Amino acid sequence: MQKENRDNKSALKVNKGIEQPASFNPQAAKMLKGTKPGLLTAKEYAEGIKSGNRTILSKAITLIESSLPKHQKLADDIMELCLPFSGNSIRVGITGVPGVGKSTFIEALGKHLTTSGHKLAVLAIDPSSKRTKGSILGDKTRMEELAADPDAFIRPSPSAGSLGGVAKKTKEIIILCEAAGFDTIFVETVGVGQSETAVYSMVDFFLLLMLAGAGDELQGIKRGIMEMADAIVINKADGDNVAKAELAKREYKNALHLFPPTESGWIPFVDTCSAREKNGIEEIWEKIANYETRMKKNGYFQKRRREQKLKIMFETIQESFQNSFKNNPSVKKLLPKVERMVLDGNLSSYKAAKQLLEVYFKSIK
Ligand code: GDP
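Since we're looking at a predicted model, the values are computed, not measured.

Examining the packing of helix H13 (residues 329-343) against helix H14 (residues 349-364)
Then, number 1: Relative orientation of the contacting elements H13 and H14 amounts to 170°, with a least axis distance of 10 Å. Comparing their axes, H14 and H13 come out roughly antiparallel. For the pair formed by H13 and H14, the contact residues are Ser330, Val331, Leu334, Leu335, Val338 and Val342 on the first element and Ser349, Ala352, Gln355, Leu356, Val359, Tyr360 and Ser363 on the second.
Then, number 2: Partitioned by chemical class, the residues of the contact of H13 with H14 number 9 nonpolar, 4 polar and no charged.

What follows is the structure in structure tokens.
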């Protein structure tokens, strides 16, 4: 069980968990209404993006998020034009439970990066929930300094769709941001569910933010997530919390020793930091930069990217197939009856699936 808001003054405060998204950004199509997507051609969008025009980048992202077929077609064309100019960045996934200090950490690290000449895009997978009408990105002003920084671009993904949908869009948004010249991409997600696995499959480096003394269970961090981490950073190592953070660091280091060696040969590091006091931030980045250098040298960086590309191909096929199946008139006609029969126990799930697939394949012949 997650202990919530133990003490509002405590540095270990853990906010209430956030529900995972239910379906993908239905607002996007509405947002584009007045802007006449036909106004620009795919080529004009791509040119605008490549020249670093943020307004055009934002509009193209909204097209990607739109569910309207005509917007999607345009978004696909823009993507194709931007792809050859993408890839030249380091993609870092940052996860941790609500309240661990992700936005404070991203702001501190982000400012360090932009002041040292980097261009940073922060893509936040926003697990806003329809039921609570809440959005962790909307309930407070996050990353104020970065938001005003001309070298940073922050884009929450208002999500209201399947996690898979959100992840797919985020992968495409990464491509556009890279084509727009951002050399560092952060993908932020809330460490409460499966979103980590989705994010892991699109980044080069995966950083897990933790709190000291809160226990893995309390933080809802599953062992699998720790196994994916290239770094574990214990935040809020300030004030009375420094000793506890150091102790946690030792414990996590020991825990990581028990995990099987990584394919890359990289030994995940454990560090403490204070995002609020901006302590330990630069050192963390140095290690991430070192990871990039080493993994590029031994070829793992390129290998991981290649494998991710293949994965995206299969995901895209699967998604297209599912859509085609669901929208098939013959399937649609038969589905209610078959569903009822399965529910009433008059037809096995296997036979039902077989019948529907047969109808589908016959109809597309
Ligand atoms: P997020 O929900 O993970 O994005 O967390 P936030 O960045 O919004 O931080 C949650 C709370 O923790 C805020 O009140 C922050 O001021 C506080 N916080 C963040 N980083 C630190 C830190 O390094 N030390 C302390 N003491 N508090 C912090």
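Thoughts on helix H4 (residues 69-82)
Then, number 1: A rise of 1.5 Å per residue sets the reference length of H4, with its 14 residues, at 20 Å; its end C-alpha atoms lie 20 Å apart and thus fit the reference within 8%.
Then, number 2: Looking at H4, one finds that the buried residues are His71, Leu74, Ala75, Ile78, Met79 and Cys82. Down the axis of H4, the buried set is contained in an arc of 145°. They therefore lie on one face. The exposed set on the far side of H4, more than 90 degrees from its buried face, consists of Pro69, Lys70, Lys73 and Glu80.

Brief notes about unusual backbone geometry
Then, number 1: If you check the backbone angles, Lys236 has positive phi at about 65° while not being a glycine.
Then, number 2: Mapped onto the secondary structure, Lys236 falls in the loop between strand E6 (231-235) and helix H10 (242-257).
Then, number 3: Classification of Lys236 as buried rests on a relative accessible area of 17%.
Then, number 4: Non-glycine residue Lys278 carries a positive phi angle of around 60°.
Then, number 5: Topologically, Lys278 is positioned in the loop between strand E7 (269-272) and helix H11 (281-298).
Then, number 6: By relative accessible area, which is 47% here, Lys278 ends up partly exposed.

What about the nonpolar core?
Then, number 1: By size, the foremost hydrophobic cluster in this structure holds 52 residues, and its most contacted members are Ile49, Leu57, Ile78, Leu176, Cys177 and Ile232.
Then, number 2: Top element by residues in this core is helix H7 (residues 163-179). It accounts for 8 residues.
Then, number 3: Leu176 has contacts with Ile49, Leu57, Ala60, Ile61, Ile64, Ile78, Met79 and Cys82, leaving out every residue within four places of it along the chain.
Then, number 4: Counting residues in each nonpolar core, the second largest holds 34 residues, with Ile106, Trp266, Ile284 and Tyr300 among its members.

Some details on the environment of Leu256
Then, number 1: Position of Leu256 among the secondary structure elements: in helix H10.
Then, number 2: Taking relative accessible area as the criterion, Leu256 reaches 12% and is therefore assigned buried.
Then, number 3: As a C-alpha pair, Leu256 and Glu227 span 29 residues in sequence and 7.9 Å in three-dimensional space.
Then, number 4: Contacts of Leu256, omitting those with residues within four sequence positions, involve Met226, Ile232, Pro268 and Val270.

Some details on the side chain of Asn235
Then, number 1: By the secondary structure assignment, Asn235 is in strand E6.
Then, number 2: Of note is the side chain of Asn235, whose polar atom sits 2.9 Å from the backbone oxygen of Val100.
Then, number 3: If sequence neighbours within four positions are ignored, Asn235 has contacts with Val100, Gly101, Leu209, Met210, Leu211, Asn241, Cys273, Ser274 and Ala275.

A few points about the pattern of salt bridges
Then, number 1: This model, assessed by the stated rule, comprises 15 salt bridges.
Then, number 2: Close ionic contact of Arg91 with Glu178 constitutes a salt bridge, the shortest N to O distance being 2.7 Å. Residue Arg91 is located in strand E1 (residues 90-96), and its partner Glu178 is located in helix H7; the two are separated by 87 residues in the primary sequence.
Then, number 3: Judged by relative accessible area, which is 10%, Arg91 ranks as buried.

What counts and how
Residues numbered from 1 in each chain as written. Predicted model: local features only at pLDDT ≥ 70, side-chain atom pairs only at ≥ 80, totals over all residues. Heavy atoms only, no water. Axes fitted to C-alpha atoms, helices over the stretch in contact; angles between N-to-C directions. Helix = DSSP H or I, 4+ residues; strand = E, 2+ residues; numbered from the N terminus. Parallel < 35°, antiparallel > 145°, perpendicular 65-115°, else oblique. Contact = heavy atoms within 4.5 Å. Nonpolar A, V, L, I, M, F, W, Y, C, P; charged D, E, K, R; others polar. Expected span 1.5 Å × (residues − 1). Buried < 20%, exposed > 50% of the residue type's maximum accessible area, 1.4 Å probe, protein only. Arc of directions from axis to C-beta. Core = buried A, V, L, I, M, F, W, Y, C linked by side-chain atoms within 4.5 Å. Polar contact = N/O pair within 3.5 Å; in protein donor to acceptor, adjacent residues only side chain to side chain. Salt bridge = Lys/Arg side-chain N within 4 Å of Asp/Glu carboxyl O.

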